[in-house]
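Below are the chains, spelled out letter by letter.
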Amino acid sequence: MTPNTLTAHAILDLIKQKKLSAKDVFASVSAQIQKTEKDVHAYATIFDAPQIQENAAVPIPIAIKDNICIKGELTTCSSQILSGFKPPYDATVIQKLKASGAVFTGHANMDEFAFGSSTETSYYGPTRNPWNLACVPGGSSGGSAAAVAANEAIWALGSDTGGSIRQPAALCGVVGLKPTYGRVSRYGLIAFASSLDQIGPITKDITDAALLLNIIAGHDEHDSTSVDLPVPDYTKALRNDVKGLKIGIPKEYFIEGIDPQVKKSVFDAIAILKKCGATFEEISLPHTEYAVSTYYIVATAEASSNLARFDGIQYGLRRKPDHIRKTPLIDLYEETRDIGFGTEAKRRIMLGTYALSSGYYDAYYLKGLKVRTLIKKDFDEAFKKVDAIITPTSPTTAFKIGEKTNDPLSMYLSDIYTISANLSGIPAISIPCGLSKDNLPIGLQIMAKPFDEEMLFRIGFTFEQNK
Ligand code: GLN
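No experiment lies behind these values; they were computed from the predicted model shown.

Details of the nonpolar core
Right, on to step 1. Membership of the largest hydrophobic core comes to 131 residues, with the highest contact counts inside it found for Leu-97, Phe-113, Leu-157 and Phe-457.
Right, on to step 2. If you look at the next biggest cluster of nonpolar residues, it comprises eight residues, including Cys-135, Ala-170, Leu-171 and Leu-440.

Structure (structure tokens):
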């Protein structure tokens, strides 16, 4: 038996029936890491043999994105500036996972500080797509998605600021969920853009996504943006039934730039859901064309502020200057940041600092926040008419490693369909819906009202059962 190829829920059933032990599961995941990690490079750090509690509720091997703090384990955001950093505390999601008996395989590779859509900007080098090693796995949670797709973990956690869970899930043929902003605590997630970031599950199927969200969701007094609402049992939403549901198809999402194979797969999925009893209507999200530019103002502004703390004093790398040019302290800050941050991180810090500087704040940042509100209002209007919205997750399938590294603007467009959900705070999921002629996965995105993750699970589950 190769338990590493199974879903978490299948494994939990077998454990319950005493046909499998948690130790066997971990052993098969470990063996797979030995076998494929040299090609895939899903991990930034592989942990030493973890403790396995045979009688725990959910002793499932899980990969954790390298920006989620685990006490005593190297946590670097795949950046040189955090080299050697071992957090003194666990993120809230990690505490919850530990309480459920989770087995941590390692910290998954990512774009440096989650800046990117391809996992090529990691200090540790790129992750490769298990479906085609010449291609990127998407990003920035590319290591998490590749680990699950390569069966080097049963499931994983990623973080999503503009699409970083959903886009790599789509490109690797797995399920990726960005919960509603505030549903999952961000305490212990090293911040990229605090008003956009959410932690979420990357899994092999919808049932596993519901199970993992059950573990990590909920209010947390350590995160003032987490919301104090009851957490439903998400597995109750796994119903093979979409009768009577109204689903919107936004016309702005099917314009030029979309790969015809992606478009076809998404419409094939829509046809299946129609057969199951859902009705579809065209809707408009008129401010969609401003989403990418708005995001790159708001996200870089917040990132430039969040990254100011990496100064060579408090965390990770410290570079003591050989010659003093200004003052010993200023030189230490500057040299540490010069060496510690990669090109994309520097680009974002400069863009964000510019957008926040006096004289430009009103023209860029404040304007960005206003357009963000308009984008959110588009969704409020749409959800008066429909229960959910369906779109592609990414305009293309996985692209070649190196193809977009010298063209940041074309890289930024990878998130054209995912970014609006972050700007609006709504939940969104990516589900595999087909393969291209080149045998590369295609993802379907479903979006719903704030705190209506159950709608995503219900539609996703129905699609999974009938495809
Ligand atoms: N690709 C987007 C960016 O580069 C989104 C990243 C993310 O969600 N962390 O900012």
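There is more to say after this.
Re helix H3 (residues 92–100)
Right, on to step 1. Along H3, the positions that sit buried rather than exposed are Thr-92, Val-93, Ile-94, Leu-97 and Ser-100.
Right, on to step 2. For H3, the secondary structure elements touched by its buried residues are strand E2 (61–65), strand E3 (103–108), strand E4 (155–160), strand E6 (198–203) and helix H6 (206–216).
Right, on to step 3. Positive phi appears at Gly-101, one or two residues downstream of H3, with a value of about 90 degrees.

Overview of the pattern of salt bridges
Right, on to step 1. One pass over the full model with this rule turns up 16 salt bridges.
Right, on to step 2. Among the ionic pairs, Lys-376 bridges to Asp-380, the shortest N-O distance being 3.0 Å. Of this pair, Lys-376 and Asp-380 both sit in helix H11 (residues 362–385), separated by four residues, roughly a single helical turn.
Right, on to step 3. Classification of Lys-376 as partly exposed rests on a relative accessible area of 29%.
Right, on to step 4. Here Asp-380 falls in the partly exposed class, since its relative accessible area comes to 33%.

Re the packing of aromatic side chains
Right, on to step 1. With the rule as written, the count across this model stands at 18 aromatic pairs.
Right, on to step 2. Relative to Phe-192, the ring of Phe-115 lies with its centre 4.7 Å away and its plane at 80 degrees, an arrangement referred to as edge-to-face. With Phe-115 in the loop between E3 and helix H4 (142–149) and Phe-192 in the loop between strand E5 (175–178) and E6, the pair connects residues that are 77 residues apart, well separated along the chain. One exposure class covers both Phe-115 and Phe-192, and it is buried.
Right, on to step 3. With 5.0 Å between their ring centres and 55 degrees between their planes, Phe-254 and Phe-267 make a pair best called tilted. Placement of Phe-254 in the loop between strand E7 (246–250) and helix H7 (260–275) and of Phe-267 in helix H7 is noted, with a sequence separation of 13 residues between them.
Right, on to step 4. Taken together, the aromatic side chains of Phe-85, Phe-113, Phe-115, Phe-192, Phe-310, Tyr-315 and Phe-341 make up a single cluster linked through ring pairs.
Right, on to step 5. Over the ring of Phe-399 we find Lys-404, and its NZ or CZ is 4.3 Å from the ring centre.

What to know about helix H1 (residues 8–16)
Right, on to step 1. Within H1, the full set of buried residues consists of Ala-8, Ile-11, Leu-12, Leu-14 and Ile-15. The arc enclosing the buried residues of H1, seen along the axis, measures out at 160 degrees, which places them on a common side.
Right, on to step 2. Buried residues in H1 make contact with helix H2 (22–40), E4 and H6.
Right, on to step 3. Note on H1: the residue one or two positions beyond its end, Lys-18, has a positive phi of about 60 degrees.

A short note on the layout of surface pockets
Right, on to step 1. Space inside the largest pocket adds up to approximately 420 Å³.
Right, on to step 2. Among the elements that take part in the lining of the largest pocket, helix H8 (residues 291–306) stands out by supplying three residues, more than any other.

Here's the deal with the pairing of E4
Right, on to step 1. The buried fraction of E4 is high, at six of six residues.
Right, on to step 2. On E4, burial covers both faces: Trp-155, Leu-157 and Ser-159 on one face and Ala-156, Gly-158 and Asp-160 on the other are all buried.
Right, on to step 3. Where E4 meets E6, five bridges bridge the pair, whose relative direction is antiparallel. The residue of E6 that forms the bridge with Leu-157 is Pro-201.

Some words on the environment of Thr-7
Right, on to step 1. Within the secondary structure layout, Thr-7 lies in the segment before H1.
Right, on to step 2. As for Thr-7 and Ile-165, which are separated by 158 residues in sequence, their C-alpha atoms are 18 Å apart.
Right, on to step 3. Apart from the residues lying within four places of it in its own chain, the contact partners of Thr-7 are Ile-154, Lys-204, Asp-205 and Asp-208.
Right, on to step 4. At 3.2 Å, the side chain of Thr-7 forms a polar contact with the backbone nitrogen of Ala-10.

Notes on the sheet that holds strand E10 (residues 428–435)
Right, on to step 1. In space, the eleven strands of this open sheet follow the order E1-E3-E2-E4-E6-E5-E10-E11-E9-E7-E8, with mixed pairing throughout. At either margin of the open sheet sits one strand with a lone partner, and together these are strand E1 (43–46) and strand E8 (279–283). On average, each strand axis in the sheet is tilted by 30 degrees relative to the strand beside it, whichever way the strands run.
Right, on to step 2. When E5 meets E6, the two strands line up antiparallel, connected through two bridges. Directly across from Val-175, in E6, lies its bridge partner Thr-203.
Right, on to step 3. Running over the sheet, H11 touches E7, E8, strand E9 (388–392) and strand E11 (441–448) and is turned about 115 degrees from E9.

A look at the site of the ligand
Right, on to step 1. Residues in contact with the ligand amount to 15 residues; listed here are only the nearest, Gly-162, Ser-164, Tyr-295, Arg-348 and Asp-415.
Right, on to step 2. Residue Gly-163 places a main-chain N or O atom 3.3 Å away from an oxygen atom belonging to the ligand.
Right, on to step 3. Within the side chain of Tyr-296, an N or O atom sits 3.2 Å from an oxygen atom of the ligand.
Right, on to step 4. Alone, the ligand offers 290 Å² of accessible surface; in the complex the protein occludes 100% of this.
Right, on to step 5. With respect to the pocket detection grid, the ligand is positioned in the largest cavity.
Right, on to step 6. Here the residues of the shell around the ligand are counted per class, giving five nonpolar, seven polar and three charged.

Some remarks on empty space enclosed by the protein
Right, on to step 1. Throughout the structure, instances matching the rule amount to two cavities of 30 Å³ or more.
Right, on to step 2. In terms of lining, the largest cavity is formed by Ala-114, Gly-116, Ser-117, Thr-161, Gly-162, Gly-163, Ser-164, Phe-192, Tyr-295, Tyr-296, Arg-348 and Asp-415.
Right, on to step 3. Here the residues of the lining of the largest cavity are counted per class, giving four nonpolar, six polar and two charged.
Right, on to step 4. Estimated volume of the second largest cavity: approximately 30 Å³.
Right, on to step 5. Mapped by element, the contributors of at least two residues to the lining of the second largest cavity are helix H5 (166–172) and E11.
Right, on to step 6. By residue number, the principal contributor to the lining of the second largest cavity is E11, which donates three residues.

The rules we used
- Residues numbered from 1 in each chain as written.
- Predicted model: local features only at pLDDT ≥ 70, side-chain atom pairs only at ≥ 80, totals over all residues.
- Heavy atoms only, no water.
- Core = buried A, V, L, I, M, F, W, Y, C linked by side-chain atoms within 4.5 Å.
- Buried < 20%, exposed > 50% of the residue type's maximum accessible area, 1.4 Å probe, protein only.
- Helix = DSSP H or I, 4+ residues; strand = E, 2+ residues; numbered from the N terminus.
- Contact = heavy atoms within 4.5 Å.
- Salt bridge = Lys/Arg side-chain N within 4 Å of Asp/Glu carboxyl O.
- Phe/Tyr/Trp six-rings, centres within 6.5 Å; stacked < 30°, edge-to-face > 60°.
- Lys NZ or Arg CZ within 6 Å of the ring centre and 35° of its normal.
- Arc of directions from axis to C-beta.
- 1 Å grid on protein atoms, 1.4 Å probe; cavity = no way out; pocket = protein on both sides within 12 Å on 5 of 7 lines; lining within 4 Å.
- Points joined across faces, edges and corners; volume = space filled by probe spheres on them.
- Pairing = 2+ DSSP bridges.
- Polar contact = N/O pair within 3.5 Å; in protein donor to acceptor, adjacent residues only side chain to side chain.
- Axes fitted to C-alpha atoms, helices over the stretch in contact; angles between N-to-C directions.
- Near = heavy atom within 4 Å.
- Areas by Shrake-Rupley, 256 points an atom, 1.4 Å probe, with all protein chains shown as cover.
- Sits in = over half its atoms within 2 Å of the grid points.
- Nonpolar A, V, L, I, M, F, W, Y, C, P; charged D, E, K, R; others polar.

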